[in-house]
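Architecture and fold: a report
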Amino acid sequence: MNIKFLLPKARGFVEKGKVPRRASQRFRGLVPLKHMLPTDGFIDRVEEATKDDLVILSKAIEVKDFMYLKDLGIKFIFDICDNKWRVGKDREKNTAIMNAGCLHANLITTTCPELKQKIYDETGKNALIIDDPYEREIEPIKFEPGDHLNICYFGGRKSFSLVDWEEVIATLDFLKIKYTLHCITQKHLLAAKRLTHHF
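If you're wondering where the values come from, they're calculated on a predicted model, not measured in any experiment.

Cut-offs used in this document
- Residues numbered from 1 in each chain as written.
- Predicted model: local features only at pLDDT ≥ 70, side-chain atom pairs only at ≥ 80, totals over all residues.
- Heavy atoms only, no water.
- Helix = DSSP H or I, 4+ residues; strand = E, 2+ residues; numbered from the N terminus.
- Buried < 20%, exposed > 50% of the residue type's maximum accessible area, 1.4 Å probe, protein only.
- Contact = heavy atoms within 4.5 Å.
- Core = buried A, V, L, I, M, F, W, Y, C linked by side-chain atoms within 4.5 Å.
- Patch = residues over 30% accessible without salt bridge, like charges linked within 9 Å, V, L, I, M, F, W, Y side chains within 5 Å.
- Areas by Shrake-Rupley, 256 points an atom, 1.4 Å probe, with all protein chains shown as cover.
- Salt bridge = Lys/Arg side-chain N within 4 Å of Asp/Glu carboxyl O.
- Disulfide = S-S within 2.5 Å.
- Phe/Tyr/Trp six-rings, centres within 6.5 Å; stacked < 30°, edge-to-face > 60°.
- Axes fitted to C-alpha atoms, helices over the stretch in contact; angles between N-to-C directions.
- Parallel < 35°, antiparallel > 145°, perpendicular 65-115°, else oblique.
- Left-handed = near helix turned anticlockwise from the far one by under 90°.
- Polar contact = N/O pair within 3.5 Å; in protein donor to acceptor, adjacent residues only side chain to side chain.
- pLDDT = per-residue confidence, 0-100.
- Pairing = 2+ DSSP bridges.

1. Remarks on the overall build of the protein chain
Helices and strands together make up the secondary structure of the protein chain, namely eight helices and eight strands. Out of the 199 residues in the protein chain, the part that is buried amounts to 33%. Within the protein chain, residue pairs in contact and separated by at least 24 positions form 59% of the contacts whose partners lie at least 6 positions apart.

Here it is in structure tokens:
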């Protein structure tokens, strides 16, 4: 079975060597395709799908697209990136699309726990969470701090205490690396007290 992403208008960008402007077409289609089989790909219209395909639909679709695939027995996944229930100037149409997609899809996917809950609340259907991929190429890790290392902790205060700061500081001292630690967190004084208490 081949996986085909329904990405209307993406072909015009790809054939010109350009990146589509729509983030959802990149994150939920073109970037994953880089790591998939050569027989997988994207289509502009549902009419291009065959019974050998598993079609992934997200945006720029109509209720008729779901019904076309269902009537031909072509399996499809409804990938929900945004809450479109009762939203926008076309709120009735958007709601009808969301409900039809969830009703007829062989599988529903989404991007986060909040949307998963919204889908369940609206339709009683469970969705599988698939995080957005990274768009940039992954680079190998390099640790070349130079004369001074700036460390920035960004996150919750409770997670701050999960870091073994004693080991981090001891390693930097052992390597004779000068450092500055910046913390961006709520209740920063409690985090600072923990550091000054131990060091």
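2. Description of the nonpolar core
Within the largest apolar cluster, 22 residues are counted, with the highest numbers of intra-cluster contacts made by Val55, Leu57, Phe66, Leu69, Phe78 and Ile80. Looking at this core, the elements with two or more residues in it are strand E3 (53-57), helix H3 (63-71), strand E4 (76-80) and helix H4 (91-104). Considering each element in turn, this core owes the most residues, four residues, to H4. Phe78 has contacts with Leu57, Ser58, Ile61, Phe66, Ile97, Met98, Gly101, Cys102, Ala105, Leu107, Ile108 and Thr109, leaving out every residue within four places of it along the chain.

3. Considering a nonpolar patch on the surface
Taken together, the side chains of Leu107, Leu128 and Ile130 make up a nonpolar region of the molecular surface, amounting to roughly 240 Å² of accessible area. Its location among the elements puts Leu107 in strand E5 (residues 107-110). The class for Leu107 is partly exposed, based on a relative accessible area of 34%.

4. Notes on the state of the cysteines
All told, the structure shown has zero disulfides when counted by the stated rule. The thiol of Cys112 is unpaired, and the distance to the nearest cysteine sulfur, on Cys81, comes to 9.7 Å.

5. Observations concerning the packing of aromatic side chains
Evaluation of the coordinates by the stated rule reveals three aromatic pairs. On the numbers, 5.6 Å between centres and 25° between planes, the contact of Phe66 with Phe76 is stacked. You can see Phe66 sitting in helix H3 and its partner Phe76 sitting in strand E4, a full 10 residues away along the chain. Phe76 carries the same exposure label as Phe66, and that label is buried. Centroid distance Phe66 to Phe78: 5.1 Å. Interplanar angle 75°. Geometry classified as edge-to-face. Note that Phe66 is positioned in helix H3 and Phe78 in strand E4, a separation of 12 residues in sequence. With respect to class, Phe66 is no different from Phe78; both count as buried. Three or more aromatic residues joined by ring pairs form one cluster here, namely Phe66, Phe76 and Phe78.

6. What about the packing of H3 against H4?
Interaxial distance between H3 and H4 falls to 9 Å at its minimum, and their mutual angle equals 20°. Considering their axes alone, H3 and H4 lie roughly parallel with respect to each other. Between H3 and H4 lies a crossing whose hand is left-handed. When H3 is examined against H4, the residues Val63, Phe66, Met67 and Lys70 are found in contact with a partner set consisting of Ala96, Ile97, Ala100, Gly101 and His104.

7. Details of the side chain of Thr95
On the secondary structure map, Thr95 appears in helix H4. In this structure the side chain of Thr95 is engaged in a polar contact, spanning 2.8 Å, whose partner is the backbone oxygen of Arg91. When neighbours within four sequence positions are excluded, Thr95 is seen to be in contact with Lys84, Trp85 and Arg86.

8. Some remarks on the confidence of the model for the protein chain
For the protein chain, mean pLDDT is 82; residues scoring 70 or higher make up 85% of the total. Least confident of the elements in the protein chain is helix H8 (residues 188-198), whose mean pLDDT is 58; most confident is H3, at 95.

9. Focus: the sheet that holds strand E2 (residues 41-43)
Pairing is parallel in the open sheet, where six strands are placed in the order E2-E1-E3-E4-E5-E6. Two strands in the sheet have a free side with no partner beyond their single neighbour: E2 and strand E6 (128-129). Sheet strands touched by H4: E4 and E5. Its angle to E4, the strand with the most contacts, is close to 140°.

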